[in-house]
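So you can see what is in the structure, the chains are spelled out below.
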Amino acid sequence: EFCSAVVLKHRGANEVKQIVYRPIELEVNKRHLKFPCQLFIDGEFVDAEGGKSIPTVNPANEEVICQVQFGSKNDVNKAVAAAKRAFEDGEWSKISARERGNLLYRLADLMQEHKEELATLESIDSGAVYTLALKTHVGMSIETWRYYAGWCDKIQGTTVPISDARPNKNLTITKKEPIGVCGLITPWNYPLMMLSWKMAACLAAGNTVVIKPAQVSPLTALKFAELAALAGIPPGVINVVPGTGSLTGNAISNHPDVRKLGFTGSTEIGKVIMNSCATSNLKKVSLELGGKSPLVIFSDCDFDKAVRLGMQSVFFNKGENCIAAGRIFVEASIYDKYVKRVVKETKKMKIGDPLDRSVSHGPQNHLAHLQKLLEFVQKGVEDGAKLELGGRRMQRPGYFFEPTVFSNVEDHMYIAIEESFGPIMCISKFQNGDFDGVIKRANASEYGLASGVFTKDLSKAMRFAEKIEAGTVFVNTYNKTDVAAPFGGFKQSGFGKDLGQEALNEYLKTKCVTIEY
Ligand code: TAP
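Definitions and cut-offs
Residues numbered from 1 in each chain as written. Predicted model: local features only at pLDDT ≥ 70, side-chain atom pairs only at ≥ 80, totals over all residues. Heavy atoms only, no water. Pairing = 2+ DSSP bridges. Helix = DSSP H or I, 4+ residues; strand = E, 2+ residues; numbered from the N terminus. Axes fitted to C-alpha atoms, helices over the stretch in contact; angles between N-to-C directions. Contact = heavy atoms within 4.5 Å. UniProt positions renumbered as here; feature names shortened; annotations may be inferred. Buried < 20%, exposed > 50% of the residue type's maximum accessible area, 1.4 Å probe, protein only. Right-handed = clockwise from strand over helix to strand, strands pointing away. Patch = residues over 30% accessible without salt bridge, like charges linked within 9 Å, V, L, I, M, F, W, Y side chains within 5 Å. Areas by Shrake-Rupley, 256 points an atom, 1.4 Å probe, with all protein chains shown as cover. Salt bridge = Lys/Arg side-chain N within 4 Å of Asp/Glu carboxyl O. Parallel < 35°, antiparallel > 145°, perpendicular 65-115°, else oblique. Left-handed = near helix turned anticlockwise from the far one by under 90°. Nonpolar A, V, L, I, M, F, W, Y, C, P; charged D, E, K, R; others polar. Disulfide = S-S within 2.5 Å. Phe/Tyr/Trp six-rings, centres within 6.5 Å; stacked < 30°, edge-to-face > 60°. Lys NZ or Arg CZ within 6 Å of the ring centre and 35° of its normal. Near = heavy atom within 4 Å. Polar contact = N/O pair within 3.5 Å; in protein donor to acceptor, adjacent residues only side chain to side chain.

*Asks:* Tell me what's going on with the sheet that holds strand 22 (residues 450–454), and back it up with residues and numbers.
*Replies:* The mixed open sheet is built from 7 strands, whose spatial order is 18-19-20-17-16-22-23. With partners counted over all chains shown, the strands left at the sheet margins are strand 18 (386–389) and strand 23 (472–475), one partner each. Between one strand axis and the next, the sheet turns through 20° on average, direction left out of account. In terms of strand pairing, strand 17 (residues 327–331) meets strand 20 (residues 424–430) through 4 bridges, oriented parallel. Looking across to strand 20, one finds that Ile328 is bridged to Ile427. In the packing of helix 11 (residues 332–347) onto the sheet, the strands contacted are strand 16 (294–297), strand 17, strand 18, strand 19 (404–407) and strand 20, and the crossing angle to strand 17 comes to about 130°.

Below is the structure:
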């Protein structure tokens, strides 16, 4: 039943603080894992109201890893109350911005020290290949915390030249202030990274937070909470309440004391969230939603690179990537050659146990998602697209799905319009030299998250970047995100940015102070 209590010591501080929790302990990936499975509220790990829990499953073998406590509306109320206290009266509200930065650096250092543990946990909970989890899921998370730790003491307002009320003089200054209690709701594809992208900017700005991670992949968020406590982040500043979207998530987006909601997930749920933010208390909201990003490959490209990165644009993180290129347009003169090469290379991908260092493709995140991918393939076939490769569940334990390639995809087809969020490449042809036509097709989507172009012609690439309706444009590269570069979509891919200096604005309000003298 209950495992031994874990005692954590406040790192580097005089005060010795003890955080006790009931750990889950596992031997996996040749290491000992120890992590919490309870809610993290006001600096303590606690059971949910009524002790309700939901199982979390390892998608590589379909086994239950552990039961995770499931936050009720009352639990969310407690977490929000703790976050409000911490914001208004706690140590967090009194320390300087530079001290805040030091705490975030300390947290990043601890994440670094525990990075193999975090990556192993991410891998077993989400199916991410371990090597990728280490580099991207965890590696980029750490970088994000460091990047925003550095911003803490550089958030500043302006002085504004206004007209004087003669004969007096006037001076206007603006101050950038934190908003208050922020709610964050995140998806399952990059659990720790999505948490970090949002929470690091949110805390750097001085807010406090209640986060609900995706119910199918909550474990790294809980391990993160332990590290946050260990780093000395004061109680109530970070609260982690796992649970379902419809109950726990909804309680956050509806809460009258939450003043800002940061969401990453599907367009469908984004609309539900925006609605509940509006009707509850008109809270500020930012939405990072779905995509069906176009990648246009012109015949004057570096062909080998276009093959390699074209594959990565779809298969990276088994396609569970919001900026995945959901539509690939290839110029007619190289179309047949391109399809043939991609099929040949895709066959070489090593699929298997995500903890195996030589594997490049792991299982899909959870069963319902795998089933959606099978339906997606069926619709593609029914609509008349040519299934060149894959499309089936693999005959082995785990939610493994074959990397899939469709050619002859036409714009009216279901698979050309809807996001798959899986390793399914959809290739279409465009007529030689038809720049305007392919741009028009690329823009004929309600989504506008990312895009890409491969060509050696600089002016063609620049014209593409100008005309394309997407928040991110990759030229002769793909998936090249960076903590300093603002990230977020247009149209029904949402609004507001993660990362870069711009993301701070999502978690700040501007106060204008006018003085007369
Ligand atoms: P969703 O189903 O939208 O879920 C996202 C989060 O919202 C989950 O935590 C979910 O809880 C919660 N949620 C569901 N219903 C809710 C409600 N009524 N009120 C409050 N919260 C609710 O998306 P997903 O399937 O996890 O993720 C896939 C989608 O995310 C894709 O469309 C993908 O493109 C998008 N995505 C976008 C980006 C960016 S940066 N634009 C990045 C990653 C993913 P549960 O855990 O209970 O479902």
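*Asks:* Tell me what's going on with the UniProt feature "active site" (unreviewed entry) in the protein, and back it up with residues and numbers.
*Replies:* As recorded in UniProt, the feature "active site" (unreviewed entry) lies at Glu288. Tracing the sequence through the fold places Glu288 in strand 15 (residues 284–288). Dropping the residues within four chain positions of it, Glu288 is found in contact with Lys198, Phe263, Thr264, Gly265, Leu449, Phe487, Gly488, Gly489, Ser493, Gly496, Lys497 and Asp498.

*Asks:* Please provide a residue-by-residue account of the pairing of strand 15, values included.
*Replies:* Counting buried positions along strand 15 yields 4 of 5 residues, so the element is predominantly enclosed. Pairing of strand 14 (residues 260–264) with strand 15, which is carried by 5 bridges, proceeds in the parallel orientation. What sits directly across from Lys260, in strand 15, is Lys284. Assessed by its sense of winding, the connection that carries the chain from strand 14 through helix 9 (residues 267–281) to strand 15 is right-handed. Bridge analysis of strand 15 against strand 25 (residues 494–495) gives 2 bridges, and the strand direction is antiparallel. When the sheet's bridge partners are listed, Glu288 is paired in strand 25 with Gly494.

*Asks:* So what's going on with a nonpolar patch on the surface? Which residues, and what values?
*Replies:* Together, Leu171, Ile515 and Tyr517 make up an exposed nonpolar region whose accessible area comes to about 290 Å². Relative to the helices and strands, Ile515 resides in strand 26 (residues 508–516).

*Asks:* Outline the packing of helix 3 (residues 97–113) against helix 5 (residues 130–151), listing residues and values.
*Replies:* Between helix 3 and helix 5, the shortest axis-to-axis distance is 8 Å and the interhelical angle comes to 165°. Looking at the two axes, helix 3 sits roughly antiparallel to helix 5. Here helix 3 and helix 5 pass one another in a crossing that is left-handed. Counting all contacts with helix 3, which are made through Gly101, Leu104, Tyr105, Leu107, Ala108, Asp109, Met111 and Gln112, the residues of helix 5 involved are Ser141, Ile142, Trp145, Arg146, Ala149 and Gly150. Residues of the contact of helix 3 with helix 5, tallied by class, amount to 8 nonpolar, 4 polar and 2 charged.

*Asks:* Residue-level account of the state of the cysteines, with values.
*Replies:* One pass over the full model with this rule turns up 0 disulfides. Its sulfur unpaired, Cys277 is 11 Å from the next cysteine sulfur, which belongs to Cys182. Overall, Cys277 belongs to the buried group, its relative accessible area being 1%.

*Asks:* Help me get a handle on the packing of aromatic side chains, residues and values and all.
*Replies:* One pass over the full model with this rule turns up 12 aromatic pairs. Judged by centre distance (4.7 Å) and plane angle (45°), the ring pair of Phe40 and Phe45 falls under tilted. Each member of the pair Phe40 and Phe45 is classed as buried. Between the aromatic rings of Trp188 and Phe421, the centroid separation amounts to 5.2 Å while the plane-to-plane angle is 75°, which identifies the pairing as edge-to-face. Highlighted residues: Trp188 in the loop between strand 11 (181–185) and helix 6 (191–204) and Phe421 in the loop between helix 13 (414–417) and strand 20, separated in sequence by 233 residues. For Phe421, a relative accessible area of 18% corresponds to the buried category. Chaining the aromatic ring pairs together yields one cluster made of Tyr21, Phe40 and Phe45. The ring centre of Phe303 lies 4.2 Å from the NZ or CZ of Lys337, which sits over that ring.

*Asks:* Tell me about the site of the ligand, residues and numbers included.
*Replies:* Around the ligand, the structure places 28 residues, and the nearest of them are Gln215, Gly245, Ser266, Leu289 and Glu419. At 2.9 Å from an oxygen atom of the ligand is found a side-chain nitrogen or oxygen belonging to Trp188. Within the backbone of Gly245, a nitrogen or oxygen atom sits 2.7 Å from an oxygen atom of the ligand. Starting from 910 Å² of accessible surface for the ligand in isolation, the protein chains cover 88%. When the residues that make up the shell around the ligand are grouped by side-chain class, the tally is 14 nonpolar, 11 polar and 3 charged.

*Asks:* So what about the pairing of strand 4 (residues 31–35)? Which residues, and what values?
*Replies:* Bridging between strand 3 (residues 24–28) and strand 4 involves 5 bridges; their strand directions are antiparallel. Bridge pairing in strand 4 links Leu26 to Leu33. Hairpin connection between strand 3 and strand 4: a loop of 2 residues separates the two successive antiparallel strands, and Asn29 in this loop has a positive phi of roughly 55°.

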